[in-house]
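Coordinate inspection notes
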Amino acid sequence: MGRAIALRLARAGCHIAVHYHSSAADAAQTAEACRAQRVRAESLQADLSDPAAAGKLVEQVLARFGRLDVLVNNASIFEVMTIDQFDLGDWERILRTNLTAPMVLAHAARQPLRQARGRIVNLCDAATVRPWPDHLAYTVSKGALEILTRVLARALAPEVNVVGIAPGVAAWPDHYQPEVRERLIRSIPLRRAGTPDDIAAAVDFLLREGDYITGVILPVDGGRQLV
């Protein structure tokens, strides 16, 4: 989804800072694809589970580009954790990336975003409507990210709009077997899976047309939250 969002915004004329943790080659390819749209794009490494590194990432963007208009918090850890498998170290690691990093990034970026009258877009998850007990830490972190989105919308108003997007099925985890995928598709009112491009289109819409939208979570899930 991060690649799809970056390319969509590059086609709209945005310069792009592509963050990566360990996927240096993929990030470089994404940046190159963005540059093919005749915009500036660079890939920047940071381990978002380290709050200090997350804060420095904003400094790197400002040093390279001179400004920051949009922060998209897309990085997250999606791992199985049941109540019987609960591990405090894994819990804290997942929450550091999925919840604490968006807060640290928003704090570090608050002044340039205010100056630009910019946007923060947080990638949440439709799963928070009907929580998944087998992805305990992930689901809790995304539920808390929804609350953080609303709090930041008030804290950064009136200069910065803060919104969330809650994807349903937009990109299949590698370990999902065909029968699991088919079962999930049957549970979606529109009877089809979404795509990363669907999420990227929602981000594009909120940036282009969302001047009077803040503090909301937009579901992009084919109606899955209805059933």
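Before any of the text, the structure's been laid out above.
First, a word on scope: everything that follows refers to the structure included in this document. (Residues numbered from 1 in each chain as written. Predicted model: local features only at pLDDT ≥ 70, side-chain atom pairs only at ≥ 80, totals over all residues. Heavy atoms only, no water.)

1. Details of the nonpolar core
Membership of the largest hydrophobic core comes to 27 residues, with the highest contact counts inside it found for Leu 48, Leu 105, Leu 113, Ile 120 and Val 162. Those elements giving two or more residues to this core turn out to be helix H3 (51-65), helix H4 (88-116), helix H5 (136-155) and strand E5 (161-167). For this core, the leading source of residues is H4, giving 6 residues. Excluding residues within four positions of it along the chain, Val 162 makes contact with Ile 120, Asn 122, Thr 149, Leu 152, Ala 153, Leu 156, Thr 214, Gly 215 and Val 216. Within the second largest apolar cluster, 26 residues are counted, among which are Ala 6, Ile 165, Ala 202 and Val 203. (Core = buried A, V, L, I, M, F, W, Y, C linked by side-chain atoms within 4.5 Å. Buried < 20%, exposed > 50% of the residue type's maximum accessible area, 1.4 Å probe, protein only. Helix = DSSP H or I, 4+ residues; strand = E, 2+ residues; numbered from the N terminus. Contact = heavy atoms within 4.5 Å.)

2. Here's the deal with helix H2 (residues 24-35)
The first and last C-alpha atoms of H2 sit 16 Å apart over 12 residues, in line with the 16 Å expected at 1.5 Å per residue. Its buried side turned inward, H2 meets helix H1 (2-11), strand E1 (16-20) and strand E2 (41-45). (Expected span 1.5 Å × (residues − 1).)

3. Observations regarding the side chain of Glu 146
Mapped onto the secondary structure, Glu 146 falls in helix H5. Of the side chains with opposite charge, Arg 150 lies nearest to the buried Glu 146, which makes no salt bridge, at 4.2 Å. Residues within four places of Glu 146 in sequence aside, it is in contact with Cys 124, Asp 125, Thr 128 and Ile 217. (Lys, Arg positive; Asp, Glu negative; His and termini not counted. Salt bridge = Lys/Arg side-chain N within 4 Å of Asp/Glu carboxyl O.)

4. Some thoughts on the packing of aromatic side chains
The final tally for this structure, using the stated rule, is 4 aromatic pairs. Summarising the aromatic geometry, the rings of Phe 86 and Trp 91 are spaced 5.8 Å apart at their centres and angled 65 degrees between planes, so their arrangement reads as edge-to-face. Take Phe 86: its relative accessible area is 41%, and that puts it in the partly exposed class. Three or more aromatic residues joined by ring pairs make a cluster, and in this case those are Phe 78, Trp 132 and Tyr 138. Positioned above the aromatic ring of Phe 65 is the side chain of Arg 40, whose terminal nitrogen or guanidinium carbon lies 4.7 Å from the ring centre. (Phe/Tyr/Trp six-rings, centres within 6.5 Å; stacked < 30°, edge-to-face > 60°. Lys NZ or Arg CZ within 6 Å of the ring centre and 35° of its normal.)

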